[in-house]
Amino acid sequence: MAERPEDLNLPNAVITRIIKEALPDGVNISKEARSAISRAASVFVLYATSCANNFAMKGKRKTLNASDVLSAMEEMEFQRFVAPLKEALEAYRREQRGKKEASEQKKKDKDRKTDSEEQDKSREEDNDEEEERLEEDEQNEEEEVDN
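Residues numbered from 1 in each chain as written. Predicted model: local features only at pLDDT ≥ 70, side-chain atom pairs only at ≥ 80, totals over all residues. Heavy atoms only, no water.

Per an unreviewed UniProt entry, the protein carries the name DNA polymerase epsilon subunit 3 and comes from Myotis lucifugus. Recorded in UniProt for the protein, the comment headed Subcellular location (unreviewed entry) runs: "Nucleus". (UniProt positions renumbered as here; feature names shortened; annotations may be inferred.)

Now the structure itself:
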């Protein structure tokens, strides 16, 4: 846990970026207002986490999951955020699946390439052995002709 209350604040750069994205162009915000929003956001995150943790504890789990957070939002009477959060969660899961599939495909391609290289190397070795055998046969034939 954090040792000082200010350790619980979200980074100012993140808060500033979110505020700028939320406000129309040309609207400014004072440092005092930015600080108040930052503290409020931190309190909200702590409260949401605490509520979500209660749902995890009811489920006899130590790990919070997405359903705990969604349930906490409903308990905190933020139902209107549940649908957008579910959409964002689905988008996140699709993105993660895509990344996983791309990673697996890359691994398969690499394995195929390695297998192909090994097969090529094996063929080359077989060809080299065949050439050596043919050369030996030719030499043996020449020796027999000379005799």
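Moving on from the coordinates now.
Chemist: Hey, could you run me through a negative patch on the surface in this one?
Modeler: Together, Glu-124, Glu-125, Asp-126, Asp-128, Glu-129, Glu-131, Glu-132, Glu-135, Glu-136, Asp-137, Glu-138 and Glu-141 make up a region of like negative charge exposed at the surface. You can see Glu-138 is positioned in helix H4 (residues 82–146). (Patch = residues over 30% accessible without salt bridge, like charges linked within 9 Å, V, L, I, M, F, W, Y side chains within 5 Å. Areas by Shrake-Rupley, 256 points an atom, 1.4 Å probe, with all protein chains shown as cover. Salt bridge = Lys/Arg side-chain N within 4 Å of Asp/Glu carboxyl O. Lys, Arg positive; Asp, Glu negative; His and termini not counted. Charge placed at Lys NZ, Arg CZ, Asp CG, Glu CD. Helix = DSSP H or I, 4+ residues; strand = E, 2+ residues; numbered from the N terminus.)

Chemist: Explain the pattern of salt bridges to me, please; I cannot follow it from the model alone.
Modeler: One side chain can pair with another of opposite charge once the charged atoms of both are near each other. Within this structure, the stated rule accounts for three salt bridges. With a closest N to O distance of 2.8 Å, Asp-68 and Arg-61 form a salt bridge. On the basis of relative accessibility, which here comes to 30%, the residue Arg-61 falls in the partly exposed class. When the shortest N-O distance is used, the salt bridge between Glu-90 and Arg-93 registers 3.5 Å. Taken as a pair, Glu-90 and Arg-93 lie in helix H4 at a separation of three residues, close to a single helical turn. (Buried < 20%, exposed > 50% of the residue type's maximum accessible area, 1.4 Å probe, protein only.)

Chemist: How should the domain arrangement of the protein be read in this particular structure?
Modeler: Accessible area lost during the coming together of the parts is what is often quoted as the interface size. Domains assigned within the protein are domain 1 (1–77) and domain 2 (82–146). When each unit is reduced to the centre of its C-alpha atoms, the spacing between domain 1 and domain 2 is 49 Å. It is Ala-66, Leu-70 and Met-73 in domain 1 that bury the most area against domain 2; as a group they hold 82% of the surface buried on that side. Our count for the domain 1 to domain 2 interface comes out at zero salt bridges. (Domains from an automatic or database assignment. Buried area = accessible area lost by both parts, 1.4 Å probe.)

Chemist: Teacher, can you tell me more about the packing of helix H1 (residues 12–22) against helix H2 (residues 31–58) here?
Modeler: A pair of packed helices is captured by two measures, namely the crossing angle of their axes and the spacing between those axes. It is at 10 Å that the axes of H1 and H2 come closest, and there the two elements cross at 105°. The angle between H1 and H2 places the two elements in the roughly perpendicular class. Residue-level contacts link Asn-12, Ile-15, Thr-16 and Ile-19 of H1 to Arg-34, Ile-37, Ser-38 and Ala-41 of H2. Among the residues making up the contact of H1 with H2, the classes are represented as four nonpolar, three polar and one charged. (Axes fitted to C-alpha atoms, helices over the stretch in contact; angles between N-to-C directions. Parallel < 35°, antiparallel > 145°, perpendicular 65-115°, else oblique. Contact = heavy atoms within 4.5 Å. Nonpolar A, V, L, I, M, F, W, Y, C, P; charged D, E, K, R; others polar.)

Chemist: Whenever I open this one, the packing of H2 against helix H3 (residues 66–75) confuses me. Can you help?
Modeler: At a closest axis distance of 8 Å, the pairing of H2 and H3 adopts a crossing angle of 115°. Put simply, H2 runs roughly perpendicular to H3. Of the two possible hands of crossing, H2 and H3 adopt the one that is right-handed. Residues Phe-44, Ala-48, Cys-51, Ala-52, Phe-55 and Ala-56 of H2 form the contact with H3, whose own contacting residues are Asp-68, Val-69, Ser-71, Ala-72, Met-73 and Glu-75. For the contact of H2 with H3, the residue count by class is nine nonpolar, one polar and two charged. (Left-handed = near helix turned anticlockwise from the far one by under 90°.)

Chemist: Before we go on, may I ask you to explain the environment of Arg-61 in this structure?
Modeler: Its place among the elements puts Arg-61 in the loop between H2 and H3. Residues contacting Arg-61, with those up to four places away along its chain left out, are Phe-55, Ala-56 and Asp-68. In terms of polar contacts, Arg-61 uses its side chain to reach the side chain of Asp-68, at 2.8 Å. (Polar contact = N/O pair within 3.5 Å; in protein donor to acceptor, adjacent residues only side chain to side chain.)

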